[in-house]
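# Commentary on secondary and tertiary structure
Take a look at the letters that make up each chain.
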Amino acid sequence: MSIKNIVLLLAMASVMQGCVLTKIVSVPMRLGAAVVSIVPVVGNTAHDGIDEAAEVVDDVPI
């Protein structure tokens, strides 16, 4: 494998890394929000708050 191919591979990995990192954080948040939404009275409010936080994490430009 030439140096050019290695540099290209590393560049592609670094560009894709941000999306993967935010998904690693936001997916468990969304699953937790789904579980919390089962709780009567406060469940939907907590779900909405956690979901909004997960959307902010998804928008982080890493």
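Quick summary incoming for the structure in this document. (Residues numbered from 1 in each chain as written. Predicted model: local features only at pLDDT ≥ 70, side-chain atom pairs only at ≥ 80, totals over all residues. Heavy atoms only, no water.)

### With respect to the pattern of salt bridges
In plain terms, the rule: Here, a salt bridge means any Lys or Arg side-chain nitrogen found within 4 Å of an Asp or Glu carboxyl oxygen. Where helices and strands are cited, they refer to DSSP runs of H or I of at least four residues and of E of at least two residues respectively, numbered from the N terminus. Each residue gets one of three labels from its accessible area relative to the maximum for its type: buried under 20%, exposed over 50%, partly exposed in between, using a 1.4 Å probe on protein chains only.
Applying the stated criterion across every chain, the model contains two salt bridges. Across the pair R30 and D51 runs a salt bridge, and its minimum N-O distance is 2.5 Å. Residue R30 is found in helix 1 (residues 3-36), and its partner D51 is found in helix 2 (residues 43-58); the two are separated by 21 residues along the sequence. Of the charged contacts in the structure, one is a salt bridge between D58 and R30, with a shortest N-O distance of 2.9 Å. Placement of D58 in helix 2 and of R30 in helix 1 is noted, with a sequence separation of 28 residues between them. D58 gets classed as partly exposed once you look at its relative accessible area, which sits at 23%.

### Considerations on unusual backbone geometry
Non-glycine residue V41 carries a positive phi angle of around 70°. Following the sequence through the fold, V41 ends up in the loop between helix 1 and helix 2.

### A closer look at the environment of I50
Put simply, the test is: Contacts: residue pairs with any heavy atoms within 4.5 Å of one another.
Along the polypeptide, I50 turns up in helix 2. Once the C-alpha coordinates of I50 and G32 are considered, the two residues, 18 residues apart in sequence, prove to be 8.1 Å apart. With sequence-adjacent residues up to four places away left out, I50 is seen in contact with M29, A33 and V36.

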